[in-house]
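Each chain, written out:
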Amino acid sequence: MHSLNTKTRALLGGCCLAMALALQTGVASAESVLRIGMTAGDIPRTLGQPDQGFEGNRFTGLTMYDALTQWDLSSAEDASVVIPGLATEWSVNEDDQTKWTFVLREGVTFHDGSPFDADAVVWNVQKVLDEDALHYDASQVGVTASRMPTLRSATKIDEYTVELTTSEPDSFLPINLTNLFMASPAKWQEFFDGASGDDTAKAAAAWDAFARDASGTGPWIMESFAPRERLELVKNDDYWDAGRVPNVDRLVLYPMPEANARTAALLSGQVDWIEAPAPDAIAQIESRGFVIHKNEAPHVWPWQFSRIEGSPWNDVNVRQAANLCIDREGMRDGLLAGLMAPATGAVEEGHPWRGDVTFNITFDPDEGRRLMEESGFSAENRLSVKALTSASGSGQMQPLPMNEYIQQALGECYFDVELEVLEWNTLFTNWRQGAKDPASLGAHSTNVTFATMDPFFALVRFLQSGMAAPVSNNWGYINEPLYDELVEKARRTFEPEARDAALAELHAASVNDAAFLYVAHDVSPRAMSPNVQNVIQPKSWFIDFSPISIEE
């Protein structure tokens, strides 16, 4: 098998995608293979902390790696919640709530056979937080530290116990830790020892080599990797959770940023599964016997406003007017063929964080124009705004047609919208650089979608002034004392119901103030061959590939 795969890899290098897929199918006929077309324009980084947004976590994080805590992705009906991962239990110190004790799972090994233990946890915290550590990797910091901004250090207590320290009491820490994936220190050290040059050069070379031959503890093992072309993973028969050993032998991931190209690849049999099919092809996809899976996800598609000095969005009338001028139901039923849910906030009615929302976000362009006129704008005196977006990307749905729809709708309410289209990873990187950065090109808003399944990701990183770029994702430099007060209240509340009450106050205050242009909630549409079975589409931005099987 190894020699056949080697020959295959050589041939693939000079072939088009269709030929490569056909060749691979022939070679791997004795094994079950699941081929997926992603929305990403490149393979998300494989060295432990993925890029490409949460699509990176989905495909190269949760597959090859595990974190101390993880999301329960086993149900299509129940909300996904945090459950034990590589840690079996955790608790906050009652006398000092900046200290947490995590008890680790015993008997787990990395793909290279080395043990997972407290030393490995300390090492993985240091890789993104300790600039003095030999293995510290600045390239992994941006996509990690901004997702767990209060974590400061890890200390080994014994072989299977660690103490994590935060900069302030933070009840969100166990949720944040779902984003810190555990890479193998032994594997990295092997690459470091084999590199040449000074320690800095050797460390960089070690991470580069690790990305091509990764080692985590996850249910899938990297077999081969060709940037911008494909990533091949094989199942980990020795995975520590026997119930999640994959049913499919091989998982092959292809970057396909164009919706029409993904759809064509599915219909022609080049792949078995695609993310975000083209909405205008849904009828054709279903008529050909392919299956559409969808489920409303905790994921919102917004414009995030700049609130720096001189921004047109500093006027609450303007923010509210924009929200009232979008026909979300029309976008859903027409443009997106039903593949969205209208957003009237980060979370909707019935959610524990919804709160007392008094600003009714609906389609009311007359009221939108009235608010604009109140602020001095009219058909003769229009307001120019510039928005950043991308052509594709993790959770971006169908960003160009959706933004063109918004551009036209806001045009009816005295806005002149200029769209600046960036490559997805460039846009995502700028999300942490902020509206003041030259890379924002003077834009007044950015269109980066985000998950809302935990308090930090849904609210805190955008609304707290201390999360302003580059600390986290407060791209627009929002600075509202009430938001800060409510964030601190929620962070320091360790009883769930009381914490939810504080978060509800925060959410309601932000919606009433029209902190975002709320547009849509993703339903995570996926189209796939009817041969792909046992798909559980959870109420999550993530999905577990382990239960999936291929039926001939």
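Let me begin by describing the structure that accompanies this report.

So, how was this worked out
- Residues numbered from 1 in each chain as written.
- Predicted model: local features only at pLDDT ≥ 70, side-chain atom pairs only at ≥ 80, totals over all residues.
- Heavy atoms only, no water.
- Helix = DSSP H or I, 4+ residues; strand = E, 2+ residues; numbered from the N terminus.
- Buried < 20%, exposed > 50% of the residue type's maximum accessible area, 1.4 Å probe, protein only.
- Contact = heavy atoms within 4.5 Å.
- Areas by Shrake-Rupley, 256 points an atom, 1.4 Å probe, with all protein chains shown as cover.
- Lys, Arg positive; Asp, Glu negative; His and termini not counted.
- Charge placed at Lys NZ, Arg CZ, Asp CG, Glu CD.
- Pairing = 2+ DSSP bridges.
- Phe/Tyr/Trp six-rings, centres within 6.5 Å; stacked < 30°, edge-to-face > 60°.
- Lys NZ or Arg CZ within 6 Å of the ring centre and 35° of its normal.
- Axes fitted to C-alpha atoms, helices over the stretch in contact; angles between N-to-C directions.
- Core = buried A, V, L, I, M, F, W, Y, C linked by side-chain atoms within 4.5 Å.

Turning our attention to the overall build of the protein. A tally of regular secondary structure across the protein gives 18 helices and 22 strands. Judged by the C-alpha coordinates and their principal axes, the protein covers about 70 × 60 × 45 Å. Buried residues in the protein amount to 60% of all 552 residues. At a minimum sequence separation of 6, the contacts of the protein that also span at least 24 residues come to 69%. Counting only carbon and sulfur atoms, one obtains 48% of the accessible surface of the protein, whose full area is about 20300 Å². Mean positive and mean negative side-chain charge positions of the protein (40 and 79 charges, respectively) differ by 4 Å.

Right, let's get into the pairing of strand S13 (residues 299-305). Of all seven residues in S13, seven are buried, a share of seventy percent or more. Where burial is concerned, the two faces of S13 agree: the one with His299, Trp301, Trp303 and Phe305 and the one with Val300, Pro302 and Gln304 are both buried. Judged from the five bridges that link them, S13 and strand S19 (residues 516-521) form a sheet pairing that is antiparallel. Residue pairing across strands places Val300 opposite His521, the latter belonging to S19. Two elements, S13 and strand S17 (residues 445-446), share two bridges in a ladder whose sense is antiparallel. Residue pairing for S17: Phe305 is matched across the bridge by Ser445.

A few words on helix H9 (residues 259-267). Residues of H9 that are buried include every one of Ala259, Arg262, Thr263, Ala265, Leu266 and Leu267, and no others. Where the residues of H9 are buried, they touch strand S1 (33-38), strand S11 (273-275), helix H10 (282-287) and strand S20 (526-528). One or two positions beyond H9, positive phi appears at Gly269, with a value near 80°.

We now examine the packing of aromatic side chains. Within this structure, the stated rule accounts for 26 aromatic pairs. With a centroid separation of 5.9 Å and 25° between ring planes, the pair formed by Trp90 and Phe102 is classed as stacked. One end of the pair, Trp90, is in strand S4 (residues 87-92); the other, Phe102, is in strand S5 (residues 99-104), with 12 residues separating them in the sequence. On the basis of relative accessibility, which here comes to 26%, the residue Trp90 falls in the partly exposed class. Measuring from centroid to centroid gives 5.6 Å for Trp207 and Phe210, while their planes differ by 65°, and the two rings are edge-to-face. Within this pair, Trp207 and its partner Phe210 are both found in helix H8 (residues 199-212), separated by three residues, close to a single helical turn. Of the residues examined, Phe210 reaches a relative accessible area of 0% and is grouped as buried. One aromatic cluster is present, built from ring pairs that chain together Trp424, Phe428, Trp431, Phe450, Phe462, Phe516 and Tyr518. Against the face of Tyr477 rests Lys436, its NZ or CZ located 4.4 Å from the ring centre.

With that settled, the discussion passes to the sheet that holds S5. If you trace the four strands from one edge of the open sheet to the other, you get S4-S5-S7-S6, paired in antiparallel fashion. At either margin of the open sheet sits one strand with a lone partner, and together these are S4 and strand S6 (151-158). Neighbour-to-neighbour, the strand axes of this sheet turn through a mean angle of 20°, independent of strand direction. For S4 and S5, the ladder comprises five bridges, and the chain directions are antiparallel. Paired with Val92 across the bridge in S5 is Trp100. Strands S5, S6 and strand S7 (161-166) of the sheet are contacted by helix H4 (residues 118-129), whose axis makes an angle of about 165° with S6.

This part covers the sheet that holds strand S12 (residues 291-293). Read across the open sheet, the seven strands follow the order S8-S9-S10-S1-S11-S20-S12; overall the sheet is mixed. Each edge of the open sheet carries a strand with a single partner, namely strand S8 (220-226) and S12. Strand-to-strand twist in this sheet, taken as the mean axis angle between neighbours without regard to direction, amounts to 20°.

Counting residues in hydrophobic clusters, the biggest one holds 84 residues, and the most contacted among them are Trp303, Ile406, Leu410, Phe415 and Leu463. With seven residues, helix H16 (residues 455-463) is the largest single contributor of residues to this core. Each residue touching Leu410, except ones within four places of it in the same chain, is listed here: Trp303, Ala322, Cys325, Ile326, Phe415 and Val417. Counting residues in hydrophobic clusters, the runner-up holds 37 residues, among them Met38, Phe59, Leu253 and Val535.

With that settled, consider the pairing of S6. Where S6 lies against S7, six bridges are found, and the strand directions are antiparallel. Each residue of the ladder has a partner; that of Thr155, found in S7, is Glu163. Counted along the chain from S6 to the antiparallel partner S7, the turn is two residues long.

Now for unusual backbone geometry. Each neighbour pair has its own omega, and for Ala469 with Pro470 the value is 5°, a cis peptide bond. With respect to the secondary-structure elements, Pro470 resides in the loop between H16 and helix H17 (481-491). Phi at Arg228 takes a positive value of approximately 65°, unusual for a residue other than glycine. Examined against the element boundaries, Arg228 turns out to sit in the loop between S8 and strand S9 (230-235). Taking relative accessible area as the criterion, Arg228 reaches 60% and is therefore assigned exposed. Unusually for a residue other than glycine, Ala337 sits at a positive phi of about 50°. With respect to the secondary-structure elements, Ala337 resides in the loop between helix H12 (328-335) and strand S14 (341-342). The exposure class of Ala337 is partly exposed, given its relative accessible area of 35%.

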